[in-house]
Amino acid sequence: FNGRTGPVYVYEALITPLVAGRIELAAQGFTSGNQFSGAITIQGQATIMGGQPLYVLLDSDVMRLDVEPLPRAGLLPGFSGAIGQFELAAPQLATNRVRVGDAVKLFVTFRTEGEIKRINAPPPPAVTNWQIFPPVAEGGPTLTATAAGLVSAMTYSYTLIPLTNDMKATPAIPFSYFDPQQKTYVDLTIPAVPIKVVAGVATA
């Protein structure tokens, strides 16, 4: 730089635009310059005291991005803003036998290659004979090393309460995501899970 060599630092940031249109991005950073913060000893046992580090604010050039909106055509039920390529692990119930009026948790895990993309679990469907609460994240995303690379996963839990004892399975929960490579919406509905609902203990 200007005829001089020195260390170079490269930082990577993941940016997720949340609105369509033109947006501007810039980066900032501090450099301590060429000042030495400690003492310097030279031949002859002479000591030169260093001064305080000189911090300089650096501003990058402005980068402009044109963010395209997601297509409205082909929109599937259960789309909650997930963009990328996802897989759905088999949903798991905390127990497959429950009484009417008792709560049971349904655990749902989404996976994707690399770091987890922005994903929100779909809201519960409005169905009869079930009371379903909004999903809750079970901790943060987890990373697992595989032969193909890193795989990240995110787990959510739904709390369900059966209101009658004639159901044989939990209700399916619609979910879909947008695949930017295929430029289309992909259905990834959370399937129904078999469950046995027995009569509760409430009296007439």
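Quick note: structure is the one above.
Owing to the predicted nature of the structure, the values given are computational and were not obtained by experimental measurement.

Focus on the overall build of the protein chain
When helices and strands are counted, the protein chain shows 0 helices and 18 strands. By the burial criterion, 24% of the 204 residues in the protein chain qualify as buried. Considering only intrachain contacts with a sequence separation of at least 6, the fraction spanning at least 24 residues in the protein chain is 70%. Surface exposure of the protein chain reaches about 14,400 Å², of which carbon and sulfur atoms provide 55%.

A word on the nonpolar core
Counting 26 residues, the largest nonpolar core has Phe-86, Leu-106, Phe-110, Ile-119, Tyr-158, Leu-160 and Ile-195 as its most contacted members. Residue assignment for this core shows that the elements contributing at least two residues are strand S11 (104–113), strand S12 (130–132) and strand S15 (149–162).

Some points on the sheet that holds strand S7 (residues 79–83)
Strand order across the open sheet formed by 3 strands is S7-S16-S17, with mixed pairing between neighbours. Sheet topology places S7 and strand S17 (184–187) at the edges, where each strand pairs with a single neighbour. Between one strand and the next, the sheet's axes are offset by a mean angle of 35°, whatever the strand orientation. Here 4 bridges tie strand S16 (residues 176–179) to S17, and the two strands are oriented antiparallel to one another. Paired with Asp-179 across the strands is Thr-184, a residue of S17.

Some thoughts on the side chain of Ser-80
Relative to the assigned elements, Ser-80 resides in strand S7. Within the local environment of Ser-80, its side chain forms a polar contact with the backbone oxygen of Asn-120, the two atoms lying 2.5 Å apart. Setting aside anything within four residues of it in sequence, one finds Ser-80 in contact with Asn-120, Ala-121, Pro-122, Phe-175 and Ser-176.

Description of the pattern of salt bridges
All told, the structure shown has 3 salt bridges when counted by the stated rule. The partner of Asp-66 in a salt bridge is Arg-22, and the shortest N-O contact between them spans 3.0 Å. Of the two residues, Asp-66 is situated in strand S6 (residues 63–67) and Arg-22 in strand S1 (residues 21–25); the sequence distance between them amounts to 44 residues. One exposure class covers both Asp-66 and Arg-22, and it is exposed. The residue Asp-102 makes a salt bridge to Arg-99 at a minimum N-O spacing of 3.0 Å.

Quick look at the environment of Pro-162
The residue Pro-162 is located in strand S15 in this model. Given a relative accessible area of 0%, Pro-162 falls into the buried group. The spatial distance from the C-alpha of Pro-162 to the C-alpha of Ala-103 is 7.5 Å, given a sequence separation of 59 residues. Once residues within four sequence positions are removed from consideration, Pro-162 is found in contact with Val-98, Arg-99, Val-100, Gly-101, Asp-102, Asn-129, Trp-130, Met-167 and Val-197.

Some words on a nonpolar patch on the surface
A cluster of nonpolar side chains, contributed by Phe-30, Tyr-55 and Leu-57, occupies part of the molecular surface with about 390 Å² of accessible area. Assignment of secondary structure puts Tyr-55 in the loop between strand S4 (46–48) and strand S5 (56–59). On the accessibility criterion, Tyr-55 (56% relative accessible area) is exposed.

With respect to the layout of surface pockets
The space that makes up the largest pocket amounts to roughly 1,000 Å³. Forming the boundary of the largest pocket are 37 residues, of which Leu-70, Ile-83, Gly-84, Phe-178 and Pro-180 lie nearest the centre. Of all the secondary structure elements, the ones that give two or more residues to the lining of the largest pocket are S6, S7, S11, S15 and S16. For the lining of the largest pocket, the element with the highest residue contribution is S7, accounting for 4 residues. For the lining of the largest pocket, the per-class residue count stands at 19 nonpolar, 9 polar and 9 charged.

Observations regarding the side chain of Thr-109
Residue placement: Thr-109 occurs in strand S11. Its relative accessible area of 17% is what places Thr-109 among the buried residues. A polar side-chain atom of Thr-109 sits 2.9 Å from a polar atom in the side chain of Thr-155. Setting aside chain neighbours within four positions, we find Thr-109 in contact with Glu-87, Leu-88, Ala-89, Ala-153, Met-154 and Thr-155.

The rules behind these values
- Each residue is numbered by its place in its chain's sequence as written, counting from 1.
- Reporting of local features is limited, given that this is a predicted model, to residues whose pLDDT is at least 70; pairs of side-chain atoms are given and counted only at 80 or more, and all residues count toward the totals for whole chains, interfaces and linings.
- With hydrogens and water excluded, all non-hydrogen atoms of the structure serve as input to the side-chain values.
- Only DSSP runs of H or I with at least four residues qualify as helices, and only runs of E with at least two residues qualify as strands; both kinds are numbered from the N terminus onward.
- Remark: exposure states derive from per-residue accessible area (1.4 Å probe, protein chains only) relative to the maximum for the residue type, with buried under 20%, exposed over 50%, and partly exposed in between.
- Residue contacts are defined here by distance: any two heavy atoms, one from each residue, within 4.5 Å place the two residues in contact.
- Only the protein chains shown count as covering a residue, and every accessible area follows the Shrake-Rupley method with a 1.4 Å probe.
- Side-chain atoms within 4.5 Å link the members of a nonpolar core, which is a set of buried Ala, Val, Leu, Ile, Met, Phe, Trp, Tyr and Cys residues.
- We call two strands paired when DSSP finds no fewer than two bridges between them.
- To get an axis, a line is fitted to the C-alpha atoms, and for a helix only the part in contact is used. The angle between two axes follows their N-to-C directions and goes from 0 to 180 degrees.
- The term polar contact refers here to a pair of N or O atoms within 3.5 Å; inside protein, the definition further demands a hydrogen-donor-capable atom paired with an acceptor-capable atom, and it admits residues adjacent in sequence only when both atoms are side-chain atoms.
- For this document, the term salt bridge refers to a Lys or Arg side-chain nitrogen within 4 Å of an Asp or Glu carboxyl oxygen.
- In this scheme, patches are assembled from residues that exceed 30% relative accessible area and form no salt bridge. Like charges are connected within 9 Å, while nonpolar side chains (Val, Leu, Ile, Met, Phe, Trp, Tyr) are connected within 5 Å.
- Cavities and pockets were defined on a 1 Å grid built over protein atoms only: a cavity is a set of grid points that admits a 1.4 Å probe from which the probe cannot escape, a pocket is an open set flanked by protein on both sides within 12 Å along at least five of seven lines, and lining residues are those with an atom within 4 Å of any such point.
- Grid points are joined across faces, edges and corners, and a volume is the space filled by probe spheres set on the points.
- Any residue outside Ala, Val, Leu, Ile, Met, Phe, Trp, Tyr, Cys, Pro, Asp, Glu, Lys and Arg is labelled polar, Gly included; the first ten of those are nonpolar and the last four are charged.

Geometry only, nothing functional implied.
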